[in-house]
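For reference, the chains in residue letters:
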Amino acid sequence: MPAKKLNLRKRYELLTRGMGWETTHHDMDDVFPYDSFEGIKITDWDKWEDPFRLTMDAYWKFQAEKEKKLYAVIDSFAQNNGQTNLSDASYLSAIKLFITGVTPIEYAAHRGFAHLGRHFRGDGARVACQMQAIDELRHQQTQVHTISHYNKHFNGLHDPFYQFDRVWYLSVPKSFAEDAMTAGPFEFITSISFAFEYVLTNMLFVPFMSGAAYNGDMATVTFGFSAQSDESRHMTLGLEIIKFMLEQHEDNLPIVQRWMDKHFWRAYRLLALVSAMQDYMLTNSPLSWKEAWDVYFVENGGALFEDLSRYGLRMPKYHELATAEADHLSHQVWSVFCLLGNATGFHTFLPTEEKMDWLSEKYPDTFDKYYRPRFEHWAKQKEEGTFKYLEALPQLCQVCQIPMIFTEVETDPMQLSFRASEYKGDKYNTCSDGCKDIFDHEPEKYAQAWLPVHQIFQGNCGGATIPEVLEWYKFAPEDGGDYIGSQDHARWQEWKGTDKKVKEA
Amino acid sequence: MSIEISAKTIQPVRLSYGNLKERFGDKKPASRYQEAVYDIQPTANFHYRPLWDKNHELYDASRTAIVMEDWYSFADPRQYYYGTYTIARAKQQDVAEHNFAFVDKRDLFDSVPEEVKQAAREILVPLRHVEWAANMNNCQITDECYGSNFSTVAMFNAMDRLGMAQYVTRLGLLLDGNEETSLDAGKKAWMEAPEWQGLRHAIEDMFVLDDWFELMVAQNFVLDGLVFPLLYDRFEKKLTTDGGATIAMLTEFMDDWYKETVRWTNALAKVTAKESEANQELLSEWTNKWTDRLVGALEPVAAKAFGADGIEQLTEVKEELLARLTKNGITGLKRS
Ligand SMILES: [Fe+2]
Ligand SMILES: [Fe+2]
Ligand SMILES: [Zn+2]
């Protein structure tokens, strides 16, 4: 008997749907207790369009092929001491920031999507989230394996996950991830899949990956590109979930819009760290933060939101401010890292003449006017031996947890931007209208934040002095401070010197 | 030549990440398994309580009554991290694919006696719902567990169960030339046929269990410890004797999978029971509770599958399971 032909769509449906059932011994609301409290109304989960039709057998097969290739590159990179082909060892500050600040978010995404993979009521949505949950585990694990070789040869990469839970600037990514994870499932996926992965992913990915390519870091390039096909699935999921919520019920629009506003701002503030990485840590920068923002957010993001306007969704609130800040962001963030370079787990360094010329070119309206003078001043102080790190701890924004360094770029770029709210008789400071709005909408949530500086003052971080706190962070003395004169620097010179001598011989 | 010389002069300054150095020393580089799964999960300084569970921190060891001094005492004996896991499964799926293609191309089902096909429809096809539930339950464990070694092993298990639910579905489609009647009948049986209702009830009770480690025991120790030997092994053998070797070919994946999986469940039982008297008591309480419940639920299925022989088959499987768990440190089990 010749078998009936099944088209792919139908076949996939049979392989994902219809295996779940309406429970009869327990109310479905008890089996899926978390997917209604946020107020999102889903009238028909069957309308969910699976964004990628991948059965497990195909998944294992494709992913195994990718893993074989990736680990072959990682192995040969280690065998051939690929680290010696970097543009400069100072570039590794970017990788130090990556493994301490980004890799732990991959793990967070793994757990967050596992939560959704169990708790969304729709079978198709659950399967999509599970696939992403295991992908994100992949990203965490492959990043740890790739960067392992750097850890063997450089400082500052030895305890990324321990540090993620404690270090002052790592509470920026940590609180970002935990914000989404502690929210309901629909808000989580709006935050991670849409605001972060769909709207802003290129702002993270391009700087790190093409930055790696520009600086001879073939290991990072390889895992980055290997993860890209996963990411394109994740982005599709992000778009699908937004459309699905908006198509299911008109009451969902204001909720989704508010989440969009909130998580756009939250993710954007997290990316402030990336802006500094992109413009200052990379020895050779493929493109500036501002250029990336113009292409990936203003142009591409603008087109996306135009497309979504048919659902009634508008651009996220304060996006104009983010665009105006693009001229200032990286300079302000790198400045604070340089001033607190005694308390970072990566090396800081002042921009070279060449770098400053590049910055002048990329930021013609702001760099020479506002920022070049300060870097030159610090350079002079360093030469004279009068440069001092900040001894006082900075005040942090209650929401994004970045030190209060941002300014009123639209009116007076030298004026600090400072907002405050009151909640139950206490005062809470925020860095911007975006962060203040977020606080004011859920003060009970953001009042809980584990603010590193408060915690230090309360004696919860190893002691009252900077060396005690750094020890508690497991920052070794050789991990931070100036790159010039560091162990990493010395080692680099030794390799390059050896190379030179061998070549001469 | 120059490369060789410089490569020789480059000595690493450390061999492992700090957490692994603390755990395993710095004499040799850590393994990829160790790097991938140890101490990745956050353990401290959480920012916000989950809106969906205000009684716990985001990651909270007290989501189970099991207490471990170090949640990383458990290590997967297979040493699976994502790369080795997918590569292992890719090989197995290659064999499975080959088997499915072979059966399809040669029309091997044509020679399987109708009673055997019917038996497969009635006993094997409903198992797609059982695997689907196992997927949900392991996803629940991934969500709620404590430690990245646990979330890794549970995540892989969850995806395996989805894969196996899909293999059973494909078997169901082959049984009727893609007419879907077998799948529809299987679902109807799962929802209504008396022999499946006890099991479905027990599984629905598992969906709402509070303690993820109890769910681990109920699903991965007990239910799997009964269903796989009874239905994918013994029942398949019976089908083979009756002329259904073709069907057994299509569930080879499940057989291999189970042999592999008991390695980590055994290791987990051992480590957890050894930790303390209290853990050991919880494990035996949960094992007894779910063995009673699930053996009872499987009795009508066994009777349907094996006829008069069914209860004896089930009892043997149960005894094997309890003997194995006892050997791995869960004492105080109620043997018949
Ligand atoms: Fe990722
Ligand atoms: Fe992703
Ligand atoms: Zn802020």
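Parameters and conventions
- Residues numbered from 1 in each chain as written.
- Chains lettered and ligands numbered in written order.
- Predicted model: local features only at pLDDT ≥ 70, side-chain atom pairs only at ≥ 80, totals over all residues.
- Heavy atoms only, no water.
- pLDDT = per-residue confidence, 0-100.
- Contact = heavy atoms within 4.5 Å.
- Donors = N, O, S within 2.8 Å, 3.2 Å for Na, K, Ca; no water.
- Tetrahedral: all angles 85-135°; square planar, octahedral: opposite > 155°, others 65-115°.
- Helix = DSSP H or I, 4+ residues; strand = E, 2+ residues; numbered from the N terminus.
- Buried < 20%, exposed > 50% of the residue type's maximum accessible area, 1.4 Å probe, protein only.
- 1 Å grid on protein atoms, 1.4 Å probe; cavity = no way out; pocket = protein on both sides within 12 Å on 5 of 7 lines; lining within 4 Å.
- Points joined across faces, edges and corners; volume = space filled by probe spheres on them.
- Nonpolar A, V, L, I, M, F, W, Y, C, P; charged D, E, K, R; others polar.
- Buried area = accessible area lost by both parts, 1.4 Å probe.
- Salt bridge = Lys/Arg side-chain N within 4 Å of Asp/Glu carboxyl O.
- Polar contact = N/O pair within 3.5 Å; in protein donor to acceptor, adjacent residues only side chain to side chain.
- Pairing = 2+ DSSP bridges.
- Axes fitted to C-alpha atoms, helices over the stretch in contact; angles between N-to-C directions.
- Parallel < 35°, antiparallel > 145°, perpendicular 65-115°, else oblique.
- Left-handed = near helix turned anticlockwise from the far one by under 90°.

What to know about the confidence of the model for chain B
All names here are of chain B. On average, residues of chain B score 95 in pLDDT, and 98% of them reach the 70 mark or higher. Residue range residues 1-5 is modelled with pLDDT below 50. Its contacts to residues more than four positions away, or to other chains, number two contacts. Reported confidence for the predicted complex is 0.97 by ipTM and 0.97 by pTM.

Side note on the coordination of the zinc ion (ligand 3)
Residue and element names in this part refer to chain A. The coordination sphere of the zinc ion (ligand 3) contains the protein donors Cys 397 (SG), Cys 400 (SG), Cys 431 (SG) and Cys 435 (SG), at a distance range of 2.3 to 2.4 Å. Taken together, the four donor atoms surrounding the zinc ion (ligand 3) define angles of 105 to 114° at the centre, an arrangement classified as tetrahedral. Between consecutive donors of the zinc ion (ligand 3), the numbers of intervening residues give the motif C-x2-C-x30-C-x3-C. One end of the pair, Cys 400, is in the loop between α17 (367-384) and β1 (407-408); the other, Cys 435, is in helix α18 (residues 433-441), and 35 residues separate them in sequence. Residue class for Cys 435 comes out buried when judged on its relative accessible area of 1%.

Concerning the layout of surface pockets
Residues and elements named next belong to chain A. Of the voids in this model, the largest pocket is the one considered here, and its volume is about 500 Å³. Residue lining of the largest pocket: 19 residues in total, with Phe 349, Leu 350, Pro 351, Thr 352 and Lys 355 positioned closest to the centre. Broken down by secondary-structure element, the contributors of at least two residues to the lining of the largest pocket are α12 (252-281) and α16 (353-362). Element by element, the count of residues in the lining of the largest pocket is highest for α16, at three residues. Its residues placed into classes, the lining of the largest pocket shows nine nonpolar, five polar and five charged.

Looking at the interface of chain A and chain B
In this complex, chain A contributes 104 residues to the contact, which on the side of chain B involves 94 residues. With both sides pooled, the region where chain A packs onto chain B buries about 8600 Å², and carbon together with sulfur makes up 60% of that total. Summed over the three residues of chain A that lose the most area to chain B, namely Trp 21, Trp 60 and Arg 111 of chain A, the buried surface amounts to 11% of that side. Our enumeration of links across chain A and chain B arrives at four salt bridges. The salt bridge involving Arg 32 of chain B is made with Asp 75 of chain A; its shortest N-O contact spans 2.9 Å. At the surface where chain A touches chain B, the tally comes to 59 residue pairs in polar contact (both at pLDDT 80 or more). Looking at the side of chain A that touches chain B, its residues break down into 42 nonpolar, 32 polar and 30 charged.

Some words on the pairing of strand β2 (residues 412-416) of chain A
Residue and element names in this part refer to chain A. Inspection of the sheet shows β1 paired to β2 by two bridges, in the antiparallel sense. Looking at β2, one finds that Thr 407 is bridged to Leu 416. Joining the antiparallel neighbours β1 and β2 is a turn of three residues.

Overview of the coordination of the iron ion (ligand 2)
Residue and element names in this part refer to chain A. For the iron ion (ligand 2), every protein donor is listed as Glu 136 (OE), Glu 197 (OE), Glu 231 (OE) and His 234 (ND1), and the spread of their distances is 2.0 to 2.5 Å. Of note is the iron ion (ligand 2), whose four donor atoms meet at the metal with angles of 70 to 173° in an arrangement that counts as irregular. Motif for the iron ion (ligand 2), donor spacing along one chain: E-x60-E-x33-E-x2-H. The two metals, the iron ion (ligand 2) and the iron ion (ligand 1), are separated by 3.3 Å and share Glu 136 as a common coordinating residue. Of this pair, Glu 197 sits in helix α9 (residues 185-199) while His 234 sits in helix α11 (residues 218-248), and the two are 37 residues apart along the sequence. Grouping residues by exposure puts Glu 197 and His 234 together as buried.

Things to note about the pattern of salt bridges
All names here are of chain A. Counted according to the given criterion, the structure contains 68 salt bridges over all chains. Linking Lys 380 and Glu 384 is a salt bridge whose minimum nitrogen-to-oxygen distance equals 3.8 Å. Of this pair, Lys 380 and Glu 384 both sit in helix α17, separated by four residues, roughly a single helical turn. Among the ionic contacts, a cluster of salt bridges with common partners joins Lys 66, Glu 67, Asp 135, Arg 138, Asp 230 and Arg 233.

What about the packing of helix α8 (residues 171-182) of chain A against α12 of chain A?
Packed helix pairs are specified by the crossing angle of their axes together with the interaxial distance, meaning the distance between the axes. All names here are of chain A. One way to put it is that α8 packs onto α12 with a least axis distance of 10 Å and a crossing angle of 160°. Classified by the angle their axes make, α8 and α12 are roughly antiparallel. Classified by chirality, the crossing of α12 by α8 is left-handed. Across the interface between the two elements, Val 172, Pro 173, Ser 175, Phe 176 and Asp 179 from α8 touch Lys 262, His 263, Arg 266, Ala 267, Leu 270 and Leu 273 from α12. Of the residues contributing to the contact of α8 with α12, the split by class is six nonpolar, two polar and three charged.

Comments concerning the confidence of the model for chain A
Averaged over every residue, the pLDDT of chain A is 94; the share at 70 or more is 98%. Note that residues 499-505 of chain A has pLDDT below 50 and, in this model, three contacts with residues that lie over four places away or in other chains.

So, empty space enclosed by the protein
A complete count under the given rule lists six cavities of 30 Å³ or more for this structure. By volume, the largest cavity amounts to about 400 Å³. If you trace the largest cavity, you find 27 residues lining it, with Phe 98, Val 102, Glu 106, Phe 196 and Leu 204 of chain A closest to the centre. The biggest single contributor to the lining of the largest cavity is helix α10 (residues 201-214) of chain A, with five residues. Classifying every residue of the lining of the largest cavity by side-chain character gives 17 nonpolar, six polar and four charged. Looking at the second largest cavity, its volume works out to about 90 Å³. Taken together, 14 residues form the lining of the second largest cavity, with His 115 and Met 181 of chain A together with Trp 52, Leu 58 and Asp 143 of chain B sitting closest to its centre. Going through the elements one at a time, α5 (103-119), α8 and α9 of chain A are the ones with two or more residues in the lining of the second largest cavity. Ranked by residues supplied to the lining of the second largest cavity, first place goes to α5 of chain A with four residues.

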